[in-house]
Every structure is written in C-alpha cells, then in structure tokens.
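Coordinate analysis (summary)
The primary structure of each chain is shown beneath.
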Amino acid sequence: MSWPILSVTLFLPLAGAVAILAIPSSRARAIRLALMAVTALTLGLTCVVLVAYLAVPPSAASKLSGTANGQSLSAIHSPITFQFQEQVNWLQSGTSLSHLHLAFNEGNSAFNQAAPPPINFSYHLGVDGLAVWLMALAALLFLVAAVVLSQRETRLRTFAVLMLLSEVGVLGVLTSLDLILFYFFWEAALIPLYFLMIGWGDGNRGRAALKFIIYTVAGSLFMLLAIFGVYFITGAQTGVYTFDLPTLIAAQSLVHTTQATTFSLFGHSFSLLNPQEWLFLAFALAFAIKVPLVPFHSWLPDAYSSGTTPFLVFFAGIVSKLGAFGLIRYNLTLFPEASHTFQPLMLGLAIASILYGALAALAQTDIKRIVGFASISHLGFVVLGIFALNVDGLNGAIIQMVNHGIVIAALFICVGVVESRFATRTLSQLGGLARPMPVLAGLFLVVTLAGLGMPLLNSFVGEFLILLGAFQASPVWAVLASLGVILACWYMLRLYQGLTQGELRLPGTEAVPEQLQAVSRRLGRLDVGPVEVVALVPLVALMLVLGVYPAPVIRYGRFSAAQYVQAANRQTATDPALASGRTAAGSLP
Amino acid sequence: MTAATAPGYPLHFVPAGDLLGILPILIVGGGAVAVLMWDLVRPRHQEVWLAGLTGLFLLAALGTAIGQWVANSGPIVVFNGAYANDRFALFADFVVLITALAVVVLSPGYLRRRGLAEGEYYILLLASVAGMLVLDGALNLIVIFLGIELLSIPLYVLAGFARDDQRSQEGAMKYLLLGGFASGFLLYGMALLYGETGHTSLTAIHAFLLQGATSGHIDPMVLAGVGLLAVGLAFKVSAAPFHWWTPDVYQGSPAVVTTFMSVATKVAAFAVFLRLFSATLAPYRAEWTVPIAVVAIVSMIYGNVVAVAQTSIKRLLAYSGIAQAGYIMIGVALGRPDGTQASLYYLAAYAFMNTGAFAVVTILSRRGEDCDRYSELAGLGRREPVLAGLMALFMLSLAGFPLTVGFFGKFFLFSAAIHDGQLALAIWGVLTSAVSLFYYLRVILKMYAPAADVGSLEEFEVASVSPAGTAVAAPTAVGPAVLVVALAGAGTIVLGIFPALIYTLLQGISVVHG
C-alpha cells in the first residue's frame, strides 16, 4: 500500500476525539454532529478497506511479509493471508542485550550464562477476511450509537470522546498483528469502556462496571502470561523470538509440544496437559470471558441492564464479538492441536451457553436482561460454529458475528426507546404498545424475527451454516443446538408480544382505567422519533438484504474460513498433504 | 593514583578520582551544609528560597550523574573498591534525585498550608538523599550500613515533622523503634557474613562464596547471615511480612514525607537488594531464590488483599506500596539479568506513578490535616477535573493498564519470570493484579461517580470543611505542585507508549561487583 490506510482508519477516531475536546461543552449540537461526522468517516474508510480487500485476488496477497527476524521461517507458508500490512518497530532489544554483563570479573560466574532472549515487538497492522467484516461492523455500530446518542445526554462531550477512544481500541484489536500490540489495545479499550460504564446508566452501574473490569482483566492477565509462554516456547524451539503473529502462525508448524507438563504434589508426580494445551486454555479463558461463554458470563446481565442505549449499541454489538474474534484469530492458529483436543470442551461450553442463555432469558422480567441473556445464547452459536472446526461452521460463525452485531444493536435501540418513554424495564408493567407506537412495533417485529432466526432474515443464514457445520462435527451437537433455536422463538416472542400486544398497560396505571384512557390519548407522540428511525432503518435494511441475498458474504467469508480451518488442521510442517492447502469442508482427523 | 602525581593537592590523602566518583553524593551532602548555613542567615519569611537552593543542589547532582553516565562507558570503582559508580548505581541515582526534586517542588506550598517549619526539613531531606546515593553504589558491607543509617535517621525525624499531630508522632516513634530493630538484623547479618568470610568487601565475599560454591560447599553460617541481611532490607522496602510499620508511618507522616519515603527509600533499598543478591550472592542463588520468592508472593497477596479493606487514601497507598514491593521483588528473586532489568524498570515506573499519586494527595491536603479519607475524593472529577484525571491515570498505571508505564513494568517482570520458568511468581502476580483493580478502580469511581452513588450529600459537606471548622479556601501556591503532577502524568503516558525510552538505557547497564 502506498499509504497506511489501516493506521489512518485506526487513529481517525482519536483525532476526532481531540477535535471534539476543542468544542466548548455547551455546544451540544456541534459535538453531536462532529461525533457523527467522525464515525461516518471511519465507516467510510473501513468500507474502503473492505472493498479493496475483496477486490484483491487472495492468491496475489499470500506472502509472509515484514518479519524482521524470520529468516529461518521464510520458507514456511503461513496459511492466513494478511493484507495492507504496516510494520514499525516498537521495542527492539535485539542482540545488544548480550552487552549486559551483570557480573563481575569477566564471566567467572555461572550467573553470566543466562543471556536473556531479546524482546522485540512492533506496531504491525494488517487485516484478513475475518477482520475486514468486523471492522466494517464496528464502524457501522459506532455511527449508529452516535446517531442514537441524545443531544441532551449529560456530559455529552465526555461521552463522545470516550466513545471514540473505545472505537480506537476496538479497531486496534481487530487490526493488530503483533501479540503485544493486540494485548495493548485489548486492555486499553477497557479504560474508556470503564469510564463510560461508571459515568452513565442506572444506579447499579458502579458495581456492574467493577465486575466487568475485574472479570475481563483477570482473564486477560492469564492471556498475557500465555503470550510470554508462546514467545519463549516458540523461540526456544525455532530460534525465532518474536511476538509477530504471521511469523508465529508460520512457526507453529515447527513447534511440537508432545511432552506433558509434570506436576508434583505431596510427593506424587502426575502429568497433565502439554504446554500448548495450557496456553490454549489461558487464551480461551480470556476470550470466553469476553464473549461470554456460560460459566464466565455473570458480568454481562449487570452490565447490559445498567448501560445506556448508545453505549449498549456498540458494547453489545461489537465488544462482545472481540472474544469470538480472538478465539478464531489466536486459538485456532496458534494452538492447532490443542484446538482439536479441546473441541468437545469448547463445544460443550457453547451448547451450555445456548441453552442456559435461552432458559435464563425466559425467566427474566427486566427487558434489558432478556436481551442480555438472549445475546449469551446467540453468541453460543458463534462459538459452536468456530469449534465445529470445519469450513461451514466457521463460515457461519463469521457471518453470525456480523449478524448478531446488527440484531443486538437494533434490539437495544427498541428496548431503549421503551425504557426511555416509560421509565421502567419491567416486562409485566408494559403491554399493548403496538397501538400507541405502531412504527416501533413494526420495526421491532422485524428485529425480533431476525433475532429468532426466521428465514429471509440475516440470522437464519448464519445459524443454518453453523448447524450444518456442527452436524458434520457430530450430529449430537447440532441436535442440542437446535433446541436453542426453538427456545429463541419462545423468549423473543415473549418479549415482543409482552411489550406490543394485548391490552395497553403502562406503569402506575393498572388500577385506574380512566387515567389510562387519558394517557393513551397523548401516547401518539411517544412513538419512535426521527432519530431512532434513522438509526433503526439501516439496520433493518441490512437484516433484510443479508437475509435475502447472502451469497456474497458467504462466498467471501468462506475463503477466510477455509484459511482458518487449514491453520487449525495443521499438525506438523512435514506433512505435505496439509501444507498443500487442500481442506475440503469438515474433514476432521 | 592521582594523588601521587599531584603533590600539594589539599586533600592529598584522597585521590581526586575517588572524589569525582562520588561527586553527586558530595554535592548533595554539601548542599545540606549550605542550606543549613543559609537557614541561619536568610531573611525572615523567605522560606521559598530554601526550597530553591535545595532544588539547585539536587539539580546539580542530577546533572553530574547524567554527565557521568554519558562519560563512563565502563564501570568505575572508587575508594579501594568500596563504592561503584557504575550505570546501575547511576540509574538508581537518577530515580532518587528526580523523586527528591519532585518532593522539593511540592514541599513549600504544602508546608505552608499545614503550618510546618521549613529550614530543617530541607536539610534532613538532603541528608537522606545523600544516604540513598551512598546505598546505590555501595560495594562494602560497612558502606551499606552507613548508607542505611544516613538514609534512615533523617527520615525518623521527617516522619515526626508535624509536631502537633499525634499520628505523626506515633508514626515516627514506630518507625524509629522498628527501624532500629531492622538495623540490628542487618548488622547481625553483616557480622555473620564477615565472621565467616573474613571480608566486608562485596567483591571479596563474592570470590569467597564462588570458591566454596564451585566445590559444592554451602556454608550454613553464611546462609544465616544472608537471611538476616534480607530481613533488614525487606524492612526498608516494606515487603511483607516485614511491613508492619508501613501503614502507620505512611498515614502519620506529612504527605510530602510519605511521597519521598514511599518512592526514594524503596529505590535505594532495592538497589542494595539487587546488587547484593543478583551479584554478590549469585553463587548461593539456589539457596536464597525460594525464600525471596516467598517474600515476593506474600507481599503481593498481603498488600493487595488488605488494601481492599482500607478507607484511608494514605493507608491504601501504603498497602499498595507493599504489594508493589512484592512485584519488584520478583526481579530480585529471579536473580538474573533480565529480572534485575525488569526490577529497575519497575522502580522507574513506580517513581512516576507513585510520586504522582502522592503528589495529588499533597495538593488536596489542607491546613491542619492531610487529605486522607475516601470521602474527600467524592466529586473530585467535577471540582478538580485535571487533578482527578491525573489521579485516575496514576491509579490505572499502578493497576498495570496499557497506555501507562505500569503496564510495561509488569510486562517485563512477568516475562522475565516466565522465561526463568518461575511460573508461580508470574501466576501470583497476575492473580493479585486482578485483586488490585478492585481498590484502584474504586478510587476512580469515588472521584467520578455522582455523590448520590457513593455517599450522602452530608458526607460531602463534611468532607469539604476542614476539621478546624474553617471553610476551605482554595489551596495556595499549588501552581508548581500541579506542574509536578502533570509531569509525572506525562511521564506515565509517554513511557507507557514508548517503553524503549527507559528500556534502552537499561540494556547497556552494568552492575559492578568489584
């Protein structure tokens, strides 16, 4: 590339944040317009990246590039092709570290032998067929969030700045090709999110924010240790000490960790998992918390129920996708064998998420918590598709990540409208809103149907492919997962019917029918305003377009899915059958 | 050496090269004398010049140290191998001197607000800094002891500097008694080491131990001496379980003294710790690495867990300091170059973030009493947006978030631990870091959450009135103090994005042993 389009995309929101800081905080209208302009421009750039990526024939781009010290690996082919790569050195200790003579009379001590390995990491960006879709989704959702952000929001300027900083973090996670850079963005994105969570929302938000941060960071810190583990194990075995992802992916085919880790406890020694499996678990923990998968999900209902609508649009829409993204990008490529070893575990957690999320959604009375648990269930499908470890499943997972982002954002906008009009989130206090709010009810219906996987709407495509993939892995998984689809109809329709159908019911008016009459006469003005329509219509349109004509998304997603499946199916570099890239759908060893 | 060629030199019995080698110490020590004299003759009500003069001497010492860093590529050993002026010592000097400078800038406004006397304060501060510089390069047990006492005795006085504050008096007494006790341990350990090896020079001790260790002989008396030494030093760095004085002394001492004590003392004591263990005692590494690792883990757990329960900001920072000592101790326990490097990096990072955090406390302190209660932070985000933002930054840095220098501090420590296969250290470090989020983020929540969330309006009202009952006036003379906080904040961010700035300095570092 002649100019660094990824860096420009990445730092445009940052520049926008600085620019917005220059606007006086009293000029709410200008701040909101600037926010929309910046997010729209970012969306434009991500679309340029998307189109340019899809326009380049994949075979032309498949070369391993930009590895400073990858000489010994240059012959090996990385199965994932990254484009628009940019690389700048960030910290290079190189060989000069051997100058460190932390000792005394010229090497007379055993102490001198341990020359530490160099620590190198770089600012390395690049995208593949997975990241381009998610980048576009992220930019779209941030724009939608900017649209639904009310001009009357308290401390509007701070909100706008924090939102743009979150966007930098999210885009950074998606584009970074260096483990340290990735971790850097992964954690740094939490800072603006934390401030957004403690600053805006209902009274429970402080607790919810703390819970979210502690959960996430606890998981991420183990991932940091695992990153060092990957670094030192790969370095020790291949001689290449690097945090560079393409190099590491290529190097994994040289790494063989068959030796199990031995523990000794009270004099008994026993073996448990090999190092690669430990590293897989550490990465998977961080990502499972972010997704979240079921035993690690308890931060989510609190966070989703206490947040404000614009925050939830991008928080639920894209931040939770980063976990699934990480599972694909890092777990499948860096730990191919462990991915197969732990396939039953991950599939089991996915099924647990699908079923538990669905059942919990049925039991909730708070409309935002219903959407939150529905989200857990839907994301279980994504993980199911990923760990089907075949092209159909992964293809479905990639599509479903995009679909779910669109659907969940629209759901939160609909539910947010209801909450803001009636100041309650209790399902039983509301009812019959279709009469006073026909436009909302109409849009909400499409969103609901998309959420429960109705054919001709977007989620159906993803869920279909995921179930197809899961069936190839094992029919049992597919059967269990389809129970989730049935439950989805139940909880989504319970939400929709409860809110829009039946007798008109509003909080505080149960006992006084006359009062209800009086209120209902004024309700005409309560329907969705132009702002919400502008935000919802593109999302609904996307649901229809992707549902009716999914072929292009499937075709392009399939290429990337095939690459990742190939990466996950590598066993050793010496196996020529696997190096040739022949990975038809769903053949498991 | 030089003495022979320069007859008639006034100090002909001390070679000039030796004096050059300890020039920063001489400047700081001379500064103490000069400030003492100036305090006698200065015009009344001109206290601020005392701070200016003190700062000038510290700057001169810092400039000299930088010059020495640039000039010497190789190690310089002076006074017959009693003091090393190597880059390891110079790096520690930088951190100590910069911290001391920050404290001196913070002091005048703070001392005036709290109505404390000024003259002696700066003299004691300079004397203590001189002790720290002595420790940074000490290559002899006697010199180490000299440095420890020169560092500690002024600090005992400084801790009790608020003479009409009972807590300050209590803290000072506690510090003095327990500090004397720790010195006893240290001295006993030195005596054992000397008795067994016959040397006080670290070089000679190293050679002696190396000889023994290569023939497979581990001397139990030496081990006992090393253990006692470690106890004495662990007391100075306030590592658990030798930390008992820390919370009371940090809380009782005037905030500027706490700032100085929490950062500079730790740096100097860790300099000795690192030199002694990773260089002198390297032959016995197999013996001491596990006990030191245990101290590190206990500190991390104890400091972080107990900090969660604190309601006083200074106590919170004290327990956080105990936890941070545990992290730095990881590098000591590894006893290898990358561990030492990581510890030094963390110390530099710690200087920025902890000085910054305490400086905010200093600025918020008012007449009669320090800003100490959690409730005093409520609503700070609205009242003082800049200070609150910087405080939040320091909290995030102490918690180890990326974009701050604290992240790379932990980064290098954990990576060194993993590389050396010390998984237990890394895992405990990670687990306790997660716990630490709880109290660091609670400080931020307190500052930014609306008053209704964190306490009643009444509490807020009480907090904004000082105990004396006088309404709070805008703190005076905080301009330079805010500058210190802003610089610490800038350092925290810049080093958090470009870790190479310090890391490359550390790459060429050498620790002289003899």
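Here the structure is a predicted model, which means the values were calculated and not measured.

Moving on, we get to the overall build of chain A. Of the regular secondary structure elements, chain A holds 23 helices and 4 strands. Intrachain contacts of chain A at a sequence separation of at least 6 include 79% that bridge at least 24 residues.

This part takes up the overall build of chain B. Tallying secondary structure elements over chain B gives 23 helices and 2 strands in all. Each of the 514 residues in chain B was classed as buried or not, and the buried ones make up 62%. Intrachain contacts of chain B at a sequence separation of at least 6 include 80% that bridge at least 24 residues.

Further remarks concern the nonpolar core. In a soluble, globular protein the nonpolar side chains are often hidden away together inside. All names here are of chain A. Of all hydrophobic cores here, the largest spans 434 residues; its most connected members are Val383 and Leu384. Broken down by element, this core gets its largest block of residues, 19 residues, from helix 16 (residues 391–422). Beyond its immediate sequence surroundings of up to four residues, Leu384 is in contact with Leu347, Ala350, Ile351, Ile354, Ile466, Ala470, Trp477 and Ala481.

Each pair of packed helices can be described by the angle between their axes along with the distance between the axes. All names here are of chain B. The geometry of helix 7 (residues 141–159) relative to helix 8 (residues 166–197) is characterised by a closest axis approach of 9 Å and an angle of 175° between their N-to-C directions. Classified by the interaxial angle, the pair formed by helix 7 and helix 8 is roughly antiparallel. Residues Leu141, Phe145, Ile148, Glu149, Ser152, Tyr156 and Ala159 of helix 7 form the contact with helix 8, whose own contacting residues are Ser168, Gly171, Ala172, Tyr175, Leu176, Gly179, Ser183, Leu186, Leu187, Met190, Leu193 and Tyr194.

Attention shifts here to helix 4 (residues 129–148) of chain A. Taking 1.5 Å per residue as the helical rise, helix 4 of chain A with its 20 residues ought to reach 28 Å, and the 29 Å between its terminal C-alpha atoms agrees with that figure. Where burial is concerned, most of helix 4 of chain A is hidden: 19 out of the 20 residues are buried.

The subject of this paragraph is the environment of Leu542 of chain A. Residues and elements named next belong to chain A. Mapped onto the elements, Leu542 comes out in helix 21 (residues 530–548). Judged by local crowding, Leu542 falls into the buried class, with 20 C-beta atoms found within 10 Å. Once residues within four sequence positions are removed from consideration, Leu542 is found in contact with Ile406 and Asn458.

Residue and element names in this part refer to chain B. Here chain B shows a mean pLDDT of 85. Residues at 70 or above account for 90%. The low-confidence segment residues 1–7, where pLDDT is below 50, has 10 contacts with residues more than four positions distant or belonging to other chains. Note that residues 452–477 has pLDDT below 50 and, in this model, 39 contacts with residues that lie over four places away or in other chains. In the predicted assembly, ipTM is 0.85 and pTM is 0.88.

Bringing the packing of helix 5 (residues 156–175) of chain A against helix 7 (residues 190–199) of chain A into the picture now. All names here are of chain A. Relative orientation of the contacting elements helix 5 and helix 7 amounts to 145°, with a least axis distance of 8 Å. As helix 5 runs across helix 7, the sense of the crossing is left-handed. Here Thr158, Phe159, Leu162, Leu165, Ser166 and Gly169 of helix 5 come into contact with helix 7, specifically with Pro192, Leu193, Phe195, Leu196 and Gly199. Here the contact of helix 5 with helix 7 is composed, by residue class, of 7 nonpolar, 4 polar and no charged.

A cis amide bond, omega -10°, links Val291 of chain A with the succeeding residue Pro292 of chain A. If you trace the backbone, Pro292 of chain A turns up in the loop between helix 10 (275–290) and helix 11 (299–306). Cis geometry marks the peptide bond from Ala240 of chain B to Pro241 of chain B; its omega dihedral reads 0°. Relative to the elements of secondary structure, Pro241 of chain B occurs in the loop between helix 10 (220–236) and helix 11 (246–252). One non-glycine residue, Phe84 of chain A, lies in positive phi territory at about 55°. Here Phe84 of chain A lies in strand 1 (residues 83–92). Overall, Phe84 of chain A belongs to the buried group, with 22 C-beta atoms counted inside 10 Å.

Reading guide: rules and limits
Residues numbered from 1 in each chain as written. Chains lettered and ligands numbered in written order. Predicted model: local features only at pLDDT ≥ 70, side-chain atom pairs only at ≥ 80, totals over all residues. Helix = DSSP H or I, 4+ residues; strand = E, 2+ residues; numbered from the N terminus. Contact = placed C-beta atoms within 7 Å. Buried ≥ 20, exposed ≤ 12 C-beta atoms within 10 Å, placed from the backbone. Core = buried A, V, L, I, M, F, W, Y, C linked by C-beta atoms within 7 Å. Axes fitted to C-alpha atoms, helices over the stretch in contact; angles between N-to-C directions. Parallel < 35°, antiparallel > 145°, perpendicular 65-115°, else oblique. Expected span 1.5 Å × (residues − 1). pLDDT = per-residue confidence, 0-100. Left-handed = near helix turned anticlockwise from the far one by under 90°. Nonpolar A, V, L, I, M, F, W, Y, C, P; charged D, E, K, R; others polar.

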